[in-house]
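The chain contents come next:
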Amino acid sequence: MNTKRLVRCALVAALYVVLCLALAPFSYGAVQVRLAEMLCLLPVFGPEYILAVTLGCFLSNLLGSTLVDVVFGTCATLLACLVTYLVRNVRACGLAIPAALPPILFNALIVGALELTFFLPGVTGSLALAGWNALTVAIGEVISCGILGVALVKLIEKNHGLRRLFCE
């Protein structure tokens, strides 16, 4: 990894943390819209963003959430970014919609259905609660990744200056 890519990774990780902490009431909990998750689509532009977004998620969970979220949330983000990278060239109607599906699905299942239902202290888990938590997390992910993340990818792809900044 060259210096330029390393600096980009650090900036993306820092941006993820700042967005989460600045918008903390919306970034954590069973009903959340973590706007920083739109950055999960950046692996469309290169594998270095897998590390950047995963590090940002780890740090934001470490600083603003629980140890359980550090483990489960970071795992969900890592898996989401890896699969997003694998589908980076797939488009639906000219949009990176397929790249938004891994963060939506992994976070709904790992964070929503597992972490929030069965691993938080004081919560008695059930299948109904797992389904509800998965749904609420998925809705937040659809907003942050399916709408904002896809729009971010389109913006970077269409703007020469942003493309140079994120892709070269």
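Structure's up top.
Residues numbered from 1 in each chain as written. Predicted model: local features only at pLDDT ≥ 70, side-chain atom pairs only at ≥ 80, totals over all residues. Heavy atoms only, no water.

Quick word on the overall build of the chain
Helix and strand counts for the chain stand at 7 helices and 0 strands. In the chain, the succession of helices and strands from N to C terminus is α-α-α-α-α-α-α. Here the chain has a C-alpha radius of gyration of 15 Å; the compact-globule value for 168 residues is 15 Å, and the two agree. Seen through its principal axes, the chain has C-alpha atoms that stretch 50 × 35 × 25 Å. Of all 168 residues assigned to the chain, the portion counted as buried reaches 43%. Residue pairs in contact within the chain that sit at least 24 positions apart in sequence constitute 67% of those at least 6 positions apart. Per element, the accessible surface of the chain, about 8,200 Å² overall, is 77% carbon and sulfur. Between the averaged position of the 10 positive side-chain charges in the chain and that of its 7 negative side-chain charges there is a distance of 13 Å. (Helix = DSSP H or I, 4+ residues; strand = E, 2+ residues; numbered from the N terminus. Rg over C-alpha atoms; globule rule 2.2 N^0.38 Å. Buried < 20%, exposed > 50% of the residue type's maximum accessible area, 1.4 Å probe, protein only. Contact = heavy atoms within 4.5 Å. Areas by Shrake-Rupley, 256 points an atom, 1.4 Å probe, with all protein chains shown as cover. Lys, Arg positive; Asp, Glu negative; His and termini not counted. Charge placed at Lys NZ, Arg CZ, Asp CG, Glu CD.)

Considerations on the pattern of salt bridges
Evaluation of the coordinates by the stated rule reveals 5 salt bridges. A salt bridge links arginine 5 to glutamate 48, with the nearest nitrogen and oxygen atoms 3.7 Å apart. Taken together, the residues span a long stretch of sequence, with arginine 5 in helix α1 (residues 3-22) and glutamate 48 in helix α3 (residues 48-64) at a distance of 43 residues. A salt bridge links arginine 164 to glutamate 168; its shortest N-O distance comes to 3.8 Å. (Salt bridge = Lys/Arg side-chain N within 4 Å of Asp/Glu carboxyl O.)

Focus: the nonpolar core
Core analysis: the biggest nonpolar cluster contains 33 residues, and Val12, Tyr16, Leu39, Leu41, Leu42, Phe45 and Val53 have the highest contact counts within it. Residue assignment for this core shows that the elements contributing at least two residues are α1, α3, α5 (97-119) and α6 (127-158). Considering each element in turn, this core owes the most residues, 8 residues, to α6. Beyond its immediate stretch of four places on either side in the chain, tyrosine 16 contacts Arg34, Ala36, Glu37, Leu39, Val53, Gly56, Cys57, Ser60 and Thr77. (Core = buried A, V, L, I, M, F, W, Y, C linked by side-chain atoms within 4.5 Å.)

Overview of the packing of α3 against helix α4 (residues 67-86)
Each pair of packed helices gets described by two things: the angle between the helix axes and the distance between those axes. Put simply, α3 and α4 touch, their axes get as near as 9 Å, and they point 165° apart. One finds that α3 runs roughly antiparallel with respect to α4. Remark: the crossing between α3 and α4 carries right-handed chirality. Taking contact as the criterion, the partners of Ile50, Val53, Thr54, Cys57, Phe58, Asn61 and Leu62 in α3 are, on α4, Asp69, Val70, Gly73, Thr74, Thr77, Leu78, Cys81, Leu82 and Tyr85. Tallied by class, residues from the contact of α3 with α4 come to 10 nonpolar, 5 polar and 1 charged. (Axes fitted to C-alpha atoms, helices over the stretch in contact; angles between N-to-C directions. Parallel < 35°, antiparallel > 145°, perpendicular 65-115°, else oblique. Left-handed = near helix turned anticlockwise from the far one by under 90°. Nonpolar A, V, L, I, M, F, W, Y, C, P; charged D, E, K, R; others polar.)

Some words on the packing of aromatic side chains
When we look at a pair of aromatic rings, we describe it by the centre distance and by the angle of the planes. Per the counting criterion, the structure on display carries 2 aromatic pairs. Relative to phenylalanine 166, the ring of tyrosine 49 has its centre 6.3 Å away and its plane inclined at 40°; by these criteria the two rings are tilted. Of this pair, tyrosine 49 sits in helix α3 while phenylalanine 166 sits in helix α7 (residues 160-167), and the two are 117 residues apart along the sequence. Each member of the pair tyrosine 49 and phenylalanine 166 is classed as buried. (Phe/Tyr/Trp six-rings, centres within 6.5 Å; stacked < 30°, edge-to-face > 60°.)

A short note on α3
An ideal rise of 1.5 Å per residue puts 24 Å on 17 residues; α3 measures up with 24 Å between its terminal C-alpha atoms. Of all the residues in α3, the buried ones are Glu48, Tyr49, Ile50, Ala52, Val53, Thr54, Gly56, Cys57, Ser60 and Asn61. (Expected span 1.5 Å × (residues − 1).)

Examining α5
Compared with the 33 Å implied by 1.5 Å per residue over 23 residues, the 31 Å span of α5 between its first and last C-alpha is a close match. Along α5, the largest kink reaches about 30° and is centred on alanine 108. (Bend = angle between axes of the 7 residues up to and from the residue.)

Overview of empty space enclosed by the protein
For the structure on display, the rule yields 1 cavity of 30 Å³ or more. Lining the largest cavity we find 13 residues, and of these Gln32, Arg34, Asp69, Asn107 and Val111 sit closest to its centre. Those elements giving two or more residues to the lining of the largest cavity turn out to be α3, α4, α5 and α6. When residues of the lining of the largest cavity are assigned to their parent elements, the largest contribution, 3 residues, is made by α4. Taken together, the residues of the lining of the largest cavity break down into 4 nonpolar, 5 polar and 4 charged. (1 Å grid on protein atoms, 1.4 Å probe; cavity = no way out; pocket = protein on both sides within 12 Å on 5 of 7 lines; lining within 4 Å. Points joined across faces, edges and corners; volume = space filled by probe spheres on them.)

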